[in-house]
Amino acid sequence: MIWLWSTFIFFSCYALVDAGSANKGDNCSQSDNRLQTGTLQFFSDCNSVTYCAANNTCLLKGCRKDDFPFGYQPGDHLPDKCPVGQFCPDEADACQPLLAVGSPCQLNRDDECEAPPNFADLLDTTNRGRNFNGSVCLNNLCAWANKTAGESCTVENTAYIAYGVNNEFPDIVSRGDCVVGFYCDSTAKQCMAEKAFGVACTADKECSSWNCLSSGTCGVDTSLPNHVGTYVYVVVAIGILGGIFVTLFGLFALHRRQRDQEREKRMQYWREQNAFHQNLLQMRQVSLPGNGNSARSTMYSRDGMPSDEAPILQHAAPKGSGLRHYMGDDGSEYDEGVMMQPTTTRREVPGRF
């Protein structure tokens, strides 16, 4: 039940911070032992590992009721838990025998009361704190949770202070001595059967699920796991597979676009290099002598004949380079025009063979 667990956690956390500050051997006063307002947590002048003894001195605790008590450091010696038939009080001074029915007990300490003979039939197996081995402490008196339908019962309403977003409000915890499956009605003071899901209610204790909704009807048990239909698993599986497919398809499309962009860049680079190469070839063809498109051949031709009508070289090597064609002594007028200098004769032209 939500309110019970939240209250328990709040109390457990508050126990550490609400303990006194007196250490072992320091002075204390048993008259200061009390239940704190709002939380009803036990408080004394001593710290969380000591208690206030009868001589008003803080001494180390002689017992514990929790498996993991607060205030102890790793390696510290923990006091022993009490054996069967005894209990450790809130003061934790020493183990004491269990209390008989009608004996005074401390608030919410059902474990201080002795169990009934048929405790196996009465104990609360739901761990909702309705009793401990069939015994219950109501209004600070030990009792047995053995009342059934129609029988008179005892109810205890304890108000705690809870805190909301904007303000604080009372959180009332109602307990009774009815058997499991029944609750003690606060008005009629009789045990009544717990209500099923959807039935009108005014408190959690009235519902078998211990969950009275704000709408005033019993809801589902909040401690049970949620069960969904098979179609939910199918939808989730389809969603997962669909998500995987969409992710893979998206990655494939993205990588494909990137590959296309890189391919286009490489093609553009190849086209530029190819165009540059073609330009180099054209420039070479234009600059070589004997080419009909040569500007030099046109410039130095005596009769202005077209380049394709220029005399054929007589002594040029058939497979020589353009440079050798250029420097060969073939007696053409083109060669004389290019290489002849005004101050030299034909025999003085350098590079002639």
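Residues numbered from 1 in each chain as written. Predicted model: local features only at pLDDT ≥ 70, side-chain atom pairs only at ≥ 80, totals over all residues. Heavy atoms only, no water.

1. Looking at the overall build of the protein chain
Each helix and strand in the protein chain was counted, giving 6 helices and 12 strands. For the protein chain, the share of sequence-separated contacts (at least 6 apart) that also reach a separation of at least 24 residues comes to 43%. Of the accessible surface of the protein chain, which amounts to about 23300 Å², a share of 58% is contributed by carbon and sulfur atoms. (Helix = DSSP H or I, 4+ residues; strand = E, 2+ residues; numbered from the N terminus. Contact = heavy atoms within 4.5 Å. Areas by Shrake-Rupley, 256 points an atom, 1.4 Å probe, with all protein chains shown as cover.)

2. Quick look at the nonpolar core
In this structure, Phe87, Leu99, Cys105, Cys113, Cys137 and Cys142 together form the largest nonpolar core, which totals 6 residues. The residues contacting Cys142, other than those within four sequence positions of it, are Leu99, Ala100, Val101, Gly102, Ser103, Cys105, Cys113 and Val136. (Core = buried A, V, L, I, M, F, W, Y, C linked by side-chain atoms within 4.5 Å. Buried < 20%, exposed > 50% of the residue type's maximum accessible area, 1.4 Å probe, protein only.)

3. Quick look at the environment of Leu78
Locating Leu78 in the fold gives a position in the loop between strand E4 (58–60) and strand E5 (86–87). With relative accessibility at 29%, the residue Leu78 sits in the partly exposed group. Spatially, the C-alpha atoms of Leu78 and Asp67 are 9.5 Å apart, while their sequence positions differ by 11 residues.

4. Thoughts on a nonpolar patch on the surface
Residues Val236, Ile240, Leu241, Ile244, Leu248 and Leu251 make up a contiguous nonpolar surface patch of roughly 570 Å² in combined accessible area. On the secondary structure map, Ile244 appears in helix H3 (residues 230–287). Note on Ile244: relative accessible area 44%, which makes it partly exposed. (Patch = residues over 30% accessible without salt bridge, like charges linked within 9 Å, V, L, I, M, F, W, Y side chains within 5 Å. Salt bridge = Lys/Arg side-chain N within 4 Å of Asp/Glu carboxyl O.)

5. Quick notes on the packing of aromatic side chains
A full pass over the atoms with the stated rule returns 1 aromatic pair. Each ring, one from Phe245 and one from Phe249, has its centre 6.3 Å from the other, and the planes form 20°; the classification is stacked. Of this pair, Phe245 and Phe249 both sit in helix H3, separated by 4 residues, roughly a single helical turn. Overall, the relative accessible area of 57% leaves Phe245 in the exposed class. (Phe/Tyr/Trp six-rings, centres within 6.5 Å; stacked < 30°, edge-to-face > 60°.)

6. Here's the deal with the UniProt feature "transmembrane region" (unreviewed entry) in the protein chain
Per the UniProt record, "transmembrane region" (unreviewed entry) is found at residues 231–254. Its end C-alpha atoms 34 Å apart, residues 231–254 is made of 100% helix and 0% strand. (UniProt positions renumbered as here; feature names shortened; annotations may be inferred.)

7. Digging into the confidence of the model for the protein chain
Of all residues in the protein chain, 76% attain a pLDDT of 70 or more, and the chain-wide mean is 81. Per-residue pLDDT stays below 50 along residues 1–17; that stretch engages in 26 contacts with residues further than four places along the chain or on separate chains. Every residue in residues 294–353 is under pLDDT 50, and counting partners more than four places away or in other chains gives 48 contacts. (pLDDT = per-residue confidence, 0-100.)

8. Quick look at the side chain of Glu156
Residue placement: Glu156 occurs in strand E9 (residues 155–163). The class of Glu156 is buried, set by a relative accessible area of 5%. A polar side-chain atom of Glu156 sits 2.8 Å from the main-chain amide nitrogen of Asn139. Leave out the neighbours within four places in its chain, and Glu156 touches Leu107, Asn108, Cys137, Leu138, Asn139, Asn140, Val173, Ser174 and Arg175. (Polar contact = N/O pair within 3.5 Å; in protein donor to acceptor, adjacent residues only side chain to side chain.)

9. Notes on the pattern of salt bridges
Evaluation of the coordinates by the stated rule reveals 15 salt bridges. Each of the salt bridges in this network shares a partner with another, and the network as a whole consists of Asp90, Arg109, Asp111 and Glu112.

10. Some points on the state of the cysteines
Tallying each qualifying case throughout the model produces 10 disulfides. Two residues, Cys105 and Cys137, share a disulfide whose sulfurs are 1.8 Å apart. Taking the torsion about the sulfur-sulfur bond, which here is approximately 95°, the covalent link between Cys105 and Cys137 counts as right-handed. Taken together, the residues Cys105 in the loop between strand E6 (96–97) and helix H2 (119–122) and Cys137 in strand E7 (residues 135–138) connect sequence positions 32 residues apart. Paired by a disulfide, Cys113 and Cys142 hold their sulfur atoms 2.0 Å apart. Since a negative S-S torsion denotes a left-handed disulfide, the Cys113-Cys142 link at about -80° is left-handed. Separated by 29 residues along the polypeptide, Cys113 in the loop between E6 and H2 and Cys142 in strand E8 (residues 141–144) bring together distant segments of the chain. (Disulfide = S-S within 2.5 Å.)

11. Examining the pairing of E7
Both faces of E7 are covered, namely the face carrying Ser135 and Cys137 and the face carrying Val136 and Leu138. Two elements, E7 and E8, share 4 bridges in a ladder whose sense is antiparallel. Following the sheet pairing, Ser135 is matched in E8 by Trp144. Between E7 and the antiparallel strand that follows it, E8, lie 2 residues; Asn139 among them carries a positive phi value of about 55°. (Pairing = 2+ DSSP bridges.)

12. Some details on unusual backbone geometry
Positive phi values are uncommon outside glycine, yet Asn127 reaches one of about 60°. Inspection of the secondary structure assignment puts Asn127 in the loop between H2 and E7. Of note, the phi angle at Trp210 is positive, near 55°, even though the residue is not glycine. Relative accessible area serves as the criterion here: at 7%, Trp210 is assigned to the buried category.

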